[in-house]
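Okay, here's what each chain looks like letter by letter:
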Amino acid sequence: MVKKIFLLGTFAILFMAVNCDNEPYEGEIIFEDTACLDATQITSIALGNFLNASQEDYNEFCFNYKEALLNQIQVCGDEDGGLQLQADNLGNCEEEVNLCQEATEATELARIIYESAADETIEDLCNAYKDAILYQIEVCGDDGTLLSILEELGSCEIEVVDVLGTWKLISWNTDEPRDLNNDGIVTNNYLEDIDCYENETIEFNPDATGTMFLRSMAEFTYTPTADGEDFFTNCIQINVDRNFTWSETINTIDLLFTDGSTISLFKNGNLYVAIDDGFYAESNIDNSVITERVIFVYEKI
C-alpha cells in the first residue's frame, strides 16, 4: 500500500507537468504527433488499474503498469528520470509477503485450536496442527524445536491415558535453545543443563484429589558476553506439597488447588503444561532479564 501511494503521488506530479499548459494558443493550428499524449494516457489508465488491484490480480496489473511506464519513456523521454524511478520501484511485480511470519502465525493459531478441541474433533485438529508445523518448517526452517513437537504429537490417534498414579517431571521444553551450563552445547530441554528439579512429581488419587510435590527451585542469573551469555544456576531445596482436586476430558486434566489457583495439563501419552515466563533469568550486570515460555513434561512412573 505504501508503494502504491508513493507511485500515485509521483505520477500525479509528472502527469501535471505534461498536461498543465493552460495558456491560450493564438496563431496557426499545427497538427502534432500525439504518440506521447497517447502513451501518457495509457500509463494513467494502467496506474488506475494497478492502484485498485486485488491480491489475485496484483501481478498482472503491476506488470501492465510497468510496461506502460517503459513505453512512455521510449515515446516521450524521461528527462528527470521520474518515470524510470517508478518502474524500478515496482521491482519484479511480486506482492511482498512474509511467508515465514504468516506460517508461524498459522501454526500458533492451529496449536490454540487443537489444545482447546472437543473430544470428537481432536484427531482432525491434531492433523491440522501437524500440517501447519510442516509448512512452517518448509518456509522457515527449523532448529529441531518443531520436529520435536511433531514427535510428541505422534500419529494423532486418540491415546487413552490412565491418569491415576504418580507422574514425574522429565523435561523443560522451550522454543529458544540455550547453553545453561556453558559447555558450548545448546539445548531446548533446559533440565539437561541443570542439576535441579530432579524429583518433582504429581500424584493423582482415585477420589479426584491429588498432590503436587515441589522439592527444588532454581534461580538463574547470567552475564552478557560477546558471544551471548554465561549462565549461572542456584538450585534451592524446598519441601512444598500443593493439594488439589482434578477433573479430566479426553485431552486435558484440570487441577484446582486449595488456594484457588488452577492449572490445565494436556495429555498425549505424557502430561504437558505450558507456562509463560517459566524460565526467568536476571542479568548480574544491569537490569535486563531473559524469559522463555516453558513446556513442562511429566512422565508416568
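Counting starts from 1 at the beginning of each chain's written sequence and moves along it residue by residue. Selection of residues for local features in this predicted model requires a pLDDT of at least 70, selection of side-chain atom pairs for listing and counting requires 80 or more, and totals for whole chains, interfaces and linings are taken over all residues. Here the side-chain values reflect all heavy atoms present in the structure, with hydrogen atoms and water set aside.

A.B. asks: How should the nonpolar core be read in this particular structure?
C.D. replies: Note on soluble globular proteins: their nonpolar side chains tend to be buried together. The set of buried Ala, Val, Leu, Ile, Met, Phe, Trp, Tyr and Cys residues whose side-chain atoms join them within 4.5 Å is what this entry labels a nonpolar core. Each residue's exposure class comes from its accessible area (1.4 Å probe, protein chains only) as a fraction of the maximum for that residue type: buried when under 20%, exposed when over 50%, partly exposed otherwise. Core analysis: the largest hydrophobic core is formed by 32 residues, its most contacted members being Trp172, Phe204, Leu255 and Phe279. The way it works is that DSSP assigns letters per residue, a run of H or I at least four long becomes a helix, a run of E at least two long becomes a strand, and they are numbered from the N terminus. Counting only elements with at least two residues in this core, the list comes to strand S1 (165-178), strand S3 (201-204), strand S4 (209-225), strand S5 (228-248), strand S6 (252-257), strand S8 (270-283) and strand S9 (289-300). Those residues in contact with Phe204, other than ones at most four positions away along the chain, are Val163, Leu164, Gly165, Trp167, Thr209, Phe244, Trp246, Ile253, Leu255, Leu265 and Leu271. Listed in part, the 16 residues of the second largest apolar core include Ala117, Leu150, Cys156 and Tyr272. Contacts: residue pairs with any heavy atoms within 4.5 Å of one another.

A.B. asks: For this particular structure, what's the right way to read the packing of helix H3 (residues 58-76) against helix H4 (residues 82-89)?
C.D. replies: Between two packed helices, both the angle of their axes relative to each other and the distance between the axes serve to describe the pair. Close contact between H3 and H4 brings their axes to 9 Å; oriented N to C, the two are set at 155°. Here H3 is positioned roughly antiparallel relative to H4, judged by the angle of their axes. In terms of crossing hand, the pair formed by H3 and H4 is left-handed. Touching Tyr65, Lys66, Leu69, Leu70, Gln72 and Ile73 of H3 are Leu83, Gln84, Gln86 and Ala87, all from H4. Comment: axis = line fitted to C-alpha atoms, over the contacting stretch for helices; angle = value between 0 and 180 degrees taken between N-to-C directions. An angle below 35 degrees is read as roughly parallel, one above 145 as roughly antiparallel, one from 65 to 115 as roughly perpendicular, and any other as oblique. Crossing handedness follows the turn of the near helix against the far one: under a right angle anticlockwise gives a left-handed crossing, and clockwise gives a right-handed one.

A.B. asks: How should a negative patch on the surface be read in this particular structure?
C.D. replies: Exposure above 30% relative accessible area and the absence of a salt bridge qualify a residue for a patch, where like charges join within 9 Å and nonpolar side chains (Val, Leu, Ile, Met, Phe, Trp, Tyr) within 5 Å. Calculation of accessible area relied on Shrake-Rupley with a 1.4 Å probe; when residues are assessed, cover is drawn exclusively from the protein chains displayed. When a carboxyl oxygen of Asp or Glu lies within 4 Å of a side-chain nitrogen of Lys or Arg, that pair is called a salt bridge. Residues counted as positive are Lys and Arg, residues counted as negative are Asp and Glu, and His and the chain ends are not counted. Every charge is mapped to an atom, namely NZ of Lys, CZ of Arg, CG of Asp or CD of Glu. Side chains of Asp142, Asp143, Asp175 and Glu176 sit close together on the surface and give a patch of like negative charge. Assignment of secondary structure puts Asp175 in strand S1.

A.B. asks: How do you make sense of unusual backbone geometry when you look at a structure like this?
C.D. replies: Peptide bonds are, in most cases, trans, and in most cases residues other than glycine have a negative phi. Despite not being glycine, Tyr197 has its phi angle at roughly 55°, a positive value. Within the fold, Tyr197 resides in the loop between strand S2 (187-189) and S3. Residue Ala208 is not a glycine yet carries a positive backbone phi of 70°. Relative to the assigned elements, Ala208 resides in the loop between S3 and S4. With relative accessibility at 27%, the residue Ala208 sits in the partly exposed group.

A.B. asks: What is the right way to read helix H5 (residues 99-115) from this model?
C.D. replies: Structurally, the α-helix is built with 3.6 residues per turn, so residues lying three or four positions apart point the same way. An expected span of 1.5 Å times one less than the residue number is assigned to each helix. Taking 1.5 Å per residue, 17 residues should reach 24 Å; H5 reaches 24 Å between its end C-alpha atoms and fits that length. Of all the positions in H5, only Ala103, Thr107, Ala110, Arg111 and Tyr114 are classed as buried. For H5, the angular spread of the buried residues around the axis is 105°, confining them to a single face. On its buried face, H5 sits against helix H6 (122-140), helix H7 (145-153), strand S7 (262-268) and S9. Throughout, the arc means the angular range of directions from the helix axis out to the C-beta atoms.

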